[in-house]
Structure formats: C-alpha cells, structure tokens
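# Descriptive structure summary
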Amino acid sequence: MQRTREADPDYFHKVVDCQWACPAHTPVPEYIRLIAEGRYSDAYMINWTSNVFPGVLGRTCDRPCEPACRRGRVEDEPVAICRLKRVAADNKGDVLARMPEPAGERNGKRVALVGAGPASLTVARDLATLGYELVLYDAEAKAGGFIRSQIPRFRLPEEVIDEEVGFVTRLGGVELRLGQRVDSLKGLLDEGYDAVFVGSGAPRGRDLDLPGRQEAAANIHIGIDWLASVSFGHIEKIGRRVIVLGGGNTAMDCCRTSRRLGGEDVKVIVRSGFDE
C-alpha cells in the first residue's frame, strides 16, 4: 500500500468526491457538519474562503458536486449540497466583523481590473488584503457583472448580490470606477498600472444563422441579451406563444421569465435527448 501523500493537497481533495468535483474544491463535508450543528455563520465563512459568493452560488450553481456525491451510490438522490450552501448564507448572522482586516500598509503596486463581475471581484478579494491598490472598471452603474444583469431576480434577489459584492469592496484599497467603459488597453496601461486583469465578456450569447433569421429578427432574441433587457426594465412583456431554443440555465431562465411576462404557450426545444 502506498503511503499517504501528505505534501500533496490534491490527494485530500480526491478522496472526498464532492470536494474534488467542485471547481473551487470547497470542503463540503466540513461546512455541512457545521450546518448540522446550527453553526451557519461558521459554515458561511468556510464557503466564503473557497468561493467568495456563497449566497449567489447557493441559488445558481450548476452543482457538479452533487453527481459526485457518494450518497448517490446507495440512494436515489445525492445530498442537496448546493441548497445547503444557501441555507448557510440565509441563516448566517452578521459576518462583517469576520471578514479579513484591510492591509496594514500598501505594497506600492497598482492593479487595474477590467469588469466588476465575479472574476475581477475574486481577484480583488485575494489581492486587497496583500496590500495592493486595486481599481475596478465597469460600464454598468453597479458591480456584479453577469450575476446582476443576467440572472433573474426570482432566482437571485438583488440584496444578496449587494451584500456579497459589498464584502469585497469594503476590504480596503479597492476603488470602483463604475459607469466607465474601457475602450483602450493602451490607454489603461498609460495610467501606470503594474498589472491589468481582464475579467469582462461573460454576458455574451450565441446566435444561430439559420434561414429566415434576418427576416424574423424583430421577434428573435439572444437569450443572454434578452435577460439583461428584462433585468434593466427595457422589456416588460412578451408574445403569447414563445419558443426557447436550448436546455441550459439561460434557456430555463428565459422560459420562466417568459411565463412571468405574459407568455402562455412556452415551449423549450433541445437538440439532445431527454435524458441528457
């Protein structure tokens, strides 16, 4: 039998299937034990260390951890890991005092972060406490990126976004330049930054160039763009009969939103088989 590779963190991740399946390798058993003990704030902080936005992910994550859950080998359903993350977020106490303290002194390095969505906010969370001076640019009036503009409010309330984005922006050394679109990376570099992180571009949909697409353009919408228009109040109604092409998260958000905006006959058409 081989010795346990104590110096290799991946070994410990791999022996816990759900933790290894999680892209952030969140220690799932640890925070579920804390929830079982009623220690919601402790469970939330375990999550925050790994994935920054537990309240958001508890409502929207694709939960790759659950198909890997060992309980699925002996029961019909895995542990509801994603929803338990939401339980911790919704039942936590005031955790603001438990967030990292601002850096005692700056290290003299300035970093520009293009886009104020989850990617840039995660970078800001990790660098702020190390003494970096961070400037976040975003074309929108509020930080949050995709999670604020494309995920419907019935799935993700805005107060959850505000709270978790606020945990990052309060860390110190973080300057928000909202409503300011970056059109030139050269212009940005000319401002003397030591590094630039580009974390923009997630809210981009895919079109289908099929016969009749241009002739029917007035009644055809790209899912991601349409959800943003609903979120910002530009669209308040839709026709009675709606067809949604695709079966992923965006498609499900579109069909559920269509029903809320007046769609009576909403059909989802997916290329793959039902089991997929």
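Residues numbered from 1 in each chain as written. Predicted model: local features only at pLDDT ≥ 70, side-chain atom pairs only at ≥ 80, totals over all residues. Heavy atoms only, no water.

### Quick word on the overall build of the protein chain
A tally of regular secondary structure across the protein chain gives 13 helices and six strands. With the C-alpha coordinates aligned to their principal axes, the bounding extent of the protein chain is approximately 60 × 60 × 40 Å. Across the 276 residues of the protein chain, 36% fall into the buried class. Residue pairs at least 24 apart in sequence account for 65% of intrachain contacts in the protein chain once pairs closer than 6 positions are excluded. Per element, the accessible surface of the protein chain, about 16,500 Å² overall, is 50% carbon and sulfur. (Helix = DSSP H or I, 4+ residues; strand = E, 2+ residues; numbered from the N terminus. Buried < 20%, exposed > 50% of the residue type's maximum accessible area, 1.4 Å probe, protein only. Contact = heavy atoms within 4.5 Å. Areas by Shrake-Rupley, 256 points an atom, 1.4 Å probe, with all protein chains shown as cover.)

### Considering the sheet that holds strand 2 (residues 133–138)
Strand order in the open sheet formed by four strands is 3-2-1-4, with parallel pairing between adjacent strands. Since the sheet does not close on itself, it has two edges, and those belong to strand 3 (174–178) and strand 4 (195–198), each with one partner. In this sheet, adjacent strand axes meet at a mean angle of 20° when their direction is disregarded. Sheet topology places strand 2 next to strand 3; five bridges connect them, and they run parallel. Residue pairing across strands places Y137 opposite R177, the latter belonging to strand 3. (Pairing = 2+ DSSP bridges. Axes fitted to C-alpha atoms, helices over the stretch in contact; angles between N-to-C directions.)

### A short note on the packing of helix 8 (residues 118–128) against helix 10 (residues 158–169)
Contact geometry of helix 8 with helix 10 gives a least axis separation of 9 Å together with a crossing angle of 40°. With respect to helix 10, the axis of helix 8 lies oblique. Contact residues: helix 8 offers L121, A124 and R125, while helix 10 offers V165, V168 and T169. Here the residues of the contact of helix 8 with helix 10 sort into four nonpolar, one polar and one charged. (Parallel < 35°, antiparallel > 145°, perpendicular 65-115°, else oblique. Nonpolar A, V, L, I, M, F, W, Y, C, P; charged D, E, K, R; others polar.)

### Side note on the nonpolar core
Among the nonpolar cores identified, the biggest contains 23 residues, and L113, L134, L136 and L156 are the most heavily contacted of them. Those elements that place two or more of their residues in this core are strand 1 (110–114), helix 8, strand 2 and helix 10. If near-sequence neighbours (up to four positions away) are discounted, L136 is found in contact with L113, A116, L121, A124, V174, E175, L176 and R177. (Core = buried A, V, L, I, M, F, W, Y, C linked by side-chain atoms within 4.5 Å.)

### Describing the pairing of strand 2
In summary, the side chains of a regular strand alternate between the two faces of the sheet. Counting buried positions over the six residues of strand 2 gives five, a clear majority of the element. For the handedness criterion, the β-α-β arrangement of strand 1, helix 8 and strand 2 is classed as right-handed. (Right-handed = clockwise from strand over helix to strand, strands pointing away.)

### Looking at unusual backbone geometry
A positive phi angle is found at V52, which is not glycine, with a value near 70°. Within the fold, V52 resides in the loop between helix 4 (40–51) and helix 5 (54–60). For V52, a relative accessible area of 2% puts it in the buried group. The residue R63 is not glycine, and still its phi comes out positive at about 45°. With respect to the helices, strands and loops of the structure, R63 is situated in the loop between helix 5 and helix 6 (65–68).

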